[in-house]
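# Notes for the structure review
Each chain, letter by letter, is given below.
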Protein chains: 2
Amino acid sequence: MARRRPASTTLRVALLGCGNVGLALYELLTEPVQRAALAERTGLTFDVVGIAVTSTKPVRSSAPWFDASLLTTDAASLVLRPDVDVVVEVMGGIDGTVDLLDAALRSGASVVSANKALLAVHGRRLSQLAYDHGADLRYEAAVAGAIPILRVLRDALAGEQVHRVMGIVNGTTNFILSTMAAGGGDYAAVLEQAQRLGLAERDPAADVLGTDAAAKAAILASLAFDCKVTTKDVHCEGITEVTAADVAFARDLGFAVKLLAVCELLDGDELSVRVHPTMVPLDHPLAAVDGAFNAVFVEGASCGELMLYGRGAGGRPTASAVLGDLVEVARSMRRGGTPDVPLAPKVRPRRPLAAIASAFYLTIDVADRPGVLAEVTAIFGRHGVSIRSMEQLDLAGEARLVFVTHVALEGAMAATVKDLRRCRVVDRVGTLLRVIEGDQN
Amino acid sequence: MARRRPASTTLRVALLGCGNVGLALYELLTEPVQRAALAERTGLTFDVVGIAVTSTKPVRSSAPWFDASLLTTDAASLVLRPDVDVVVEVMGGIDGTVDLLDAALRSGASVVSANKALLAVHGRRLSQLAYDHGADLRYEAAVAGAIPILRVLRDALAGEQVHRVMGIVNGTTNFILSTMAAGGGDYAAVLEQAQRLGLAERDPAADVLGTDAAAKAAILASLAFDCKVTTKDVHCEGITEVTAADVAFARDLGFAVKLLAVCELLDGDELSVRVHPTMVPLDHPLAAVDGAFNAVFVEGASCGELMLYGRGAGGRPTASAVLGDLVEVARSMRRGGTPDVPLAPKVRPRRPLAAIASAFYLTIDVADRPGVLAEVTAIFGRHGVSIRSMEQLDLAGEARLVFVTHVALEGAMAATVKDLRRCRVVDRVGTLLRVIEGDQN
């Protein structure tokens, strides 16, 4: 279908949600200087014509010109209003929300969303729906906040053969791991601190278990490799088992521990998408990404290594990304013409986790007596996992063995861990961390 | 004028120049797998229809399918061929080259160029010419190689109020400074090493004097702040006076020395664009950008800090950026419609260098006797430059004073340096480095 053109020189925006991000966006869209700049840069004036909220309690905006008459609790009617050109979704949720976006796109309105959980499941279908109805769907803010990584993958790298994308895409876990690395205490204490600072939710599960990062990994992989990837395709391990001792040991070995989203195209075609705590060499650009910052590292056949770094969350940085999308929608509506060819997503085989190669870090607490080391290392050997380095720390009555392996298959390492758990001289098997080797980069 | 549409489903490309970048690009455009991927992602097949070279000596391509019959020494005729949709300029030069691009745009062909020196002078005029003839002008490869910074400024940050852009945009000087920091020797020795490694030209002037970085700074500033900025507007100091002792001292103080291109919009409207060696705090993301890598750090009102990092030079990374532009031209031609509104460049006042505020690093060699320090510091005081720290090193028969100042005006500091040079107890005034304070970020 031909692209819808704006009815006049105005782009009429409906906002779904008026929390942190929605309010920051409203202020960016309506502040007079900013509004004039937007009109100049797009040829269209931006007007907010309605704001859907869940309750009618007053909105606390710092903008004195905030227009409370725009508020409505009837989101379903708002998205279908004929005077809405673009619907901005910053309300969150999946099931009810996707119906609203669906309805908006079917009516020919464009959609800008910051909702990673929704897009990691419904992104491909909504993109096709947008194309079928001559509308745009944009969701830069869904991954890594203000960092324009989706746009770079879709546009700047459209001619590039990207083979790996690695991202620090969750600020909460990065703050926790950075603080642990700076000697801030063990996991539980630092999580509490993050909660006090408002950097972690009261229920931190989505962050610390890696599911938030997994949704973003799915979106990154589906754009980088042009195939359908949903959260279910992502192997996901969180940071709840990482100890301060692990982080300190990693640092002594020359590594920072980061929760990485890793998207790979192996041997040119097989897909692997994983989220797990990873040891990153200190001289790797991702190692220096601390606190609540995010970064995405891309490797391509011609561009080589490329990294984008910035604020991954927060009202204004997220609103900035939404605003960038709105500018793009405005320019595209004003321009008219034939929409871009939608990519027919490729069907790519998934490489099973067991067949992924990596180096590993593993700690094992054992009884402190002769012969134990031989017994333990024999288990590694039995599965063909070759040990690069081992260090022994004395604990009260037992010893902690800290192993770093050479590159081995995940399957072999999993079998090793299983046998170690069964081994009578082993008291406890600690965290398994993947290790990025310095020479890989 | 309405945008030109391609005559068929083919995008016909003329290459001007077949050096490192031209050859890498030819191979990317013609390699079968890559060619199929481009067709899929743009809806158009890319065909190279001619390659302008300066001499007819054989081109050494690693592609067995290289078609020597495409070569011509008649660039002027090539750009006017009616079967050329887009002209890619990777030949360099300014005066003769700009006439070719001019002719191409007037004939309605789009232009992709990697020529920073040309664009820093003629960019605005060529952009207007492109718009007037329904063509596109793109030049991502002109600044920071494979890093898509121009696109991010133009598109992703189009809704953002950017107030500062700082870039490490010259790989040669960054390699030299990084190597000096790693204890690799003094400036002259490291420059020789860079020349041996092919990282510096035989005549390194454009790199080490900062003029290459100044051209890129002009392009960055004109995009970030939407105004006409040419190389002449850029205050430019190179790295030839930076000594290994300065770099080592900076490191002890917690800084890395980088040649920075700094583009600022001060008090919301006044422009300042400068290139100079700068002390960057070690915990700033730019400090970790080593060797031949480039990075551009952007600060905006909503997005906060954003950094893009990657390969700033080399045949394939540069060709990758050109290819990204070609994909954009292809999509835009296929799409048709009304071209984007060209921005009427704003006239912004220039803030004179003397009125720019900064902290400074300065070394002064003095006679080693009582009363000298009082005399020297009195000169700082007379110009209102407040000293934050001073360290004294013993040299044979004299002393080296290493000063770091609080923030002062460039004018006051220049007057201080002038008086220090005249002072009878001062034997030598060393390098003046600007210092980015940790708390500025």
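Bear in mind that the values here come from a model prediction, so they are computed numbers and not experimental data.

Another point: the overall build of chain A. Within chain A, the regular secondary structure consists of 14 helices and 17 strands. Taking 22 Å as the expected radius of gyration for a compact globule of 441 residues, we find that chain A reaches 24 Å, a close match to that expectation. Considering chain A as a whole, with its 441 residues, one finds that 50% of them fall into the buried category. At a minimum sequence separation of 6, the contacts of chain A that also span at least 24 residues come to 75%.

Within the largest apolar cluster, 294 residues are counted, with the highest numbers of intra-cluster contacts made by Leu-25, Val-88 and Val-322 of chain A together with Leu-25, Val-88 and Val-322 of chain B. Not counting the four nearest positions on each side in its chain, Val-322 of chain A is found in contact with Val-21, Leu-25, Val-88, Val-90, Val-112, Ala-114 and Ala-141 of chain A.

All names here are of chain A. Strands sit in the order 3-2-1-4-5-6 across an open sheet of 6 strands; the sheet is parallel. If you trace the sheet from one side to the other, it starts and ends with strand 3 (71-72) and strand 6 (137-138), each paired once. Two strands pair when backbone bridges link them, and strand 1 (residues 10-16) and strand 2 (residues 45-52) are joined in this way by 7 bridges, in the parallel orientation. Bridge assignment links Ala-14 to a residue of strand 2, and that residue is Gly-50. Contacts from helix 4 (residues 95-106) reach strand 1, strand 4 (86-89), strand 5 (110-113) and strand 6, with the element oriented near 150° to strand 5.

Residue and element names in this part refer to chain A. Given a rise of 1.5 Å per residue, 14 residues ought to cover 20 Å, and the 20 Å separating the end C-alpha atoms of helix 10 (residues 211-224) matches this to within 8%. Most of helix 10 is tucked away: 13 of the 14 residues are buried. Directly after helix 10, the chain includes Asp-226, whose backbone phi takes a positive value near 50°.

Bringing the sheet that holds strand 1 (residues 10-16) of chain B into the picture now. Strands belonging to one sheet form pairs held by backbone hydrogen bonds; the direction of such a pair is parallel or antiparallel. Residues and elements named next belong to chain B. Here we have 6 strands laid out as an open sheet, ordered 3-2-1-4-5-6, and parallel in their pairing. Unpaired on one side and paired on the other, strand 3 (71-72) and strand 6 (137-138) mark the two borders of the sheet. Relative to strand 3, strand 2 (residues 45-52) is paired through 2 bridges, and the arrangement is parallel. By the bridge assignment for strand 3, Ile-51 is matched with Leu-71.

For chain A, per-residue confidence averages 93 on the pLDDT scale, and residues scoring 70 or more make up 97% of the total. Interface confidence for the predicted complex, expressed as ipTM, amounts to 0.94; the pTM equals 0.95.

Next up on the list: the interface of chain A and chain B. Chain A puts 48 residues into the contact, and the matching count from chain B is 48 residues. Contributing elements (two or more residues each) for the side of chain A that touches chain B: helix 2 (32-42), helix 6 (149-156), strand 12 (304-311) and helix 12 (315-335) of chain A. With 12 residues, the single largest contributor to the side of chain A that touches chain B is helix 12 of chain A. Broken down by class, the residue content of the side of chain A that touches chain B amounts to 23 nonpolar, 13 polar and 12 charged.

Further remarks concern the pairing of strand 7 (residues 162-168) of chain B. All names here are of chain B. By the criterion of burial, strand 7 is predominantly enclosed, with 5 of the 7 residues buried. Examined bridge by bridge, strand 7 and strand 11 (residues 293-300) share 6 bridges and lie antiparallel to one another. Following the sheet pairing, Gly-167 is matched in strand 11 by Val-296. Here strand 7 pairs with strand 9 (residues 255-266) via 4 bridges, running antiparallel. Of the residues in strand 9, the one forming a bridge with Met-166 is Val-262.

Before going further, it helps to examine unusual backbone geometry. Note: most peptide bonds trans; most residues except glycine with negative phi. All names here are of chain B. Of note in the backbone geometry, Asp-226 takes a positive phi value of approximately 50° without being a glycine. Following the sequence through the fold, Asp-226 ends up in the loop between helix 10 (211-224) and strand 8 (235-236). With 21 C-beta atoms counted inside 10 Å, the residue Asp-226 sits in the buried group. Positioned with a positive phi, Asp-267 is a non-glycine residue whose angle comes to about 50°. Looking at the element boundaries, Asp-267 is found in the loop between strand 9 and strand 10 (270-281). Residue classification places Asp-267 among the exposed positions, given that 9 C-beta atoms sit within 10 Å.

For these two chains of identical sequence, chain A goes onto chain B by a turn of 180° and a shift of 0.0 Å along the axis, with RMSD 0.0 Å. Read as a symmetry element, the transformation amounts to a two-fold axis. Of every C-alpha in chain A, the one belonging to Gly-337 of chain A sits nearest the axis of rotation, 2.0 Å from it. Most of the interface of chain A is mirrored in chain B: 100% of its interface residues are interface residues there too.

Thresholds, definitions, all that
- Residues numbered from 1 in each chain as written.
- Chains lettered and ligands numbered in written order.
- Predicted model: local features only at pLDDT ≥ 70, side-chain atom pairs only at ≥ 80, totals over all residues.
- Helix = DSSP H or I, 4+ residues; strand = E, 2+ residues; numbered from the N terminus.
- Rg over C-alpha atoms; globule rule 2.2 N^0.38 Å.
- Buried ≥ 20, exposed ≤ 12 C-beta atoms within 10 Å, placed from the backbone.
- Contact = placed C-beta atoms within 7 Å.
- Core = buried A, V, L, I, M, F, W, Y, C linked by C-beta atoms within 7 Å.
- Pairing = 2+ DSSP bridges.
- Axes fitted to C-alpha atoms, helices over the stretch in contact; angles between N-to-C directions.
- Expected span 1.5 Å × (residues − 1).
- pLDDT = per-residue confidence, 0-100.
- Nonpolar A, V, L, I, M, F, W, Y, C, P; charged D, E, K, R; others polar.
- Least-squares fit on C-alpha atoms with pLDDT ≥ 70 in both.

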